[in-house]
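Descriptive structure summary
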Amino acid sequence: MFVGGAADQLVPLTRTRELMACWDEAEKGWITLHEHGGGHFVPTWKGEFKEDVVRFVDRFTSGEGIKGR
């Protein structure tokens, strides 16, 4: 899971997306990006960010994540 801010001047979203593109096609299905409107920080543990993290973790605990690993 990647987290990026629209106003991040240290690591712009374009750089985050470039890093995400480094994974091979088979792995890209389980990679996710949470975008927020702020700068270079991880949002507080509530609202949409919390929902995205829970959804991401649930994919791996429910057997939907990386198959065969």
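Being a predicted model, the structure only gives us computed values, none of them experimental.

Criteria and cut-off values
- Residues numbered from 1 in each chain as written.
- Predicted model: local features only at pLDDT ≥ 70, side-chain atom pairs only at ≥ 80, totals over all residues.
- Heavy atoms only, no water.
- Helix = DSSP H or I, 4+ residues; strand = E, 2+ residues; numbered from the N terminus.
- Polar contact = N/O pair within 3.5 Å; in protein donor to acceptor, adjacent residues only side chain to side chain.
- Contact = heavy atoms within 4.5 Å.
- Salt bridge = Lys/Arg side-chain N within 4 Å of Asp/Glu carboxyl O.
- Buried < 20%, exposed > 50% of the residue type's maximum accessible area, 1.4 Å probe, protein only.
- Arc of directions from axis to C-beta.
- pLDDT = per-residue confidence, 0-100.
- Phe/Tyr/Trp six-rings, centres within 6.5 Å; stacked < 30°, edge-to-face > 60°.

1. Digging into the side chain of Asp52
- Its place among the elements puts Asp52 in helix H2 (residues 47–61).
- One polar contact links Asp52 to His34, side chain to side chain, over a distance of 2.5 Å.
- Looking at Asp52, its side chain comes within polar contact range of the side chain of Arg55, at 2.5 Å.
- Contacts of Asp52, omitting those with residues within four sequence positions, involve Met1 and His34.

2. Overview of the pattern of salt bridges
- Applying the stated criterion across every chain, the model contains three salt bridges.
- For Arg17, the salt bridge goes to Glu35, with nearest N and O atoms at 2.6 Å. Note that Arg17 is positioned in helix H1 (residues 13–20) and Glu35 in strand S2 (residues 33–36), a separation of 18 residues in sequence.
- Note that Asp52 and Arg55 form a salt bridge whose closest N and O atoms lie 2.5 Å from each other.

3. Focus on H1
- For H1, the full list of buried residues reads Leu13, Thr16 and Met20. What you see down the axis of H1 is that its buried residues fit within an arc of 55°, all on one side.
- Packed against the buried residues of H1 are strand S1 (2–5) and S2.

4. Describing the confidence of the model for the protein
- Taken as a whole, the protein shows an average pLDDT of 87; of its residues, 88% reach a score of 70 or greater.
- The least confident element of the protein, judged by mean pLDDT, is H2 at 91; the most confident is S1 at 95.

5. Focus on the packing of aromatic side chains
- Enumeration over the complete set of coordinates arrives at four aromatic pairs.
- Considering the side-chain rings of Phe2 and Trp23, the 5.5 Å spacing of their centres and the 80° angle between planes classify their relative orientation as edge-to-face. Taken as a pair, Phe2 in strand S1 and Trp23 in the loop between H1 and S2 lie far apart in primary sequence, 21 residues in all.
- We classify Phe2 as buried; its relative accessible area is 15%.
- Through a chain of ring-to-ring contacts, three or more aromatic side chains come together here, namely Trp30, Phe56 and Phe60.

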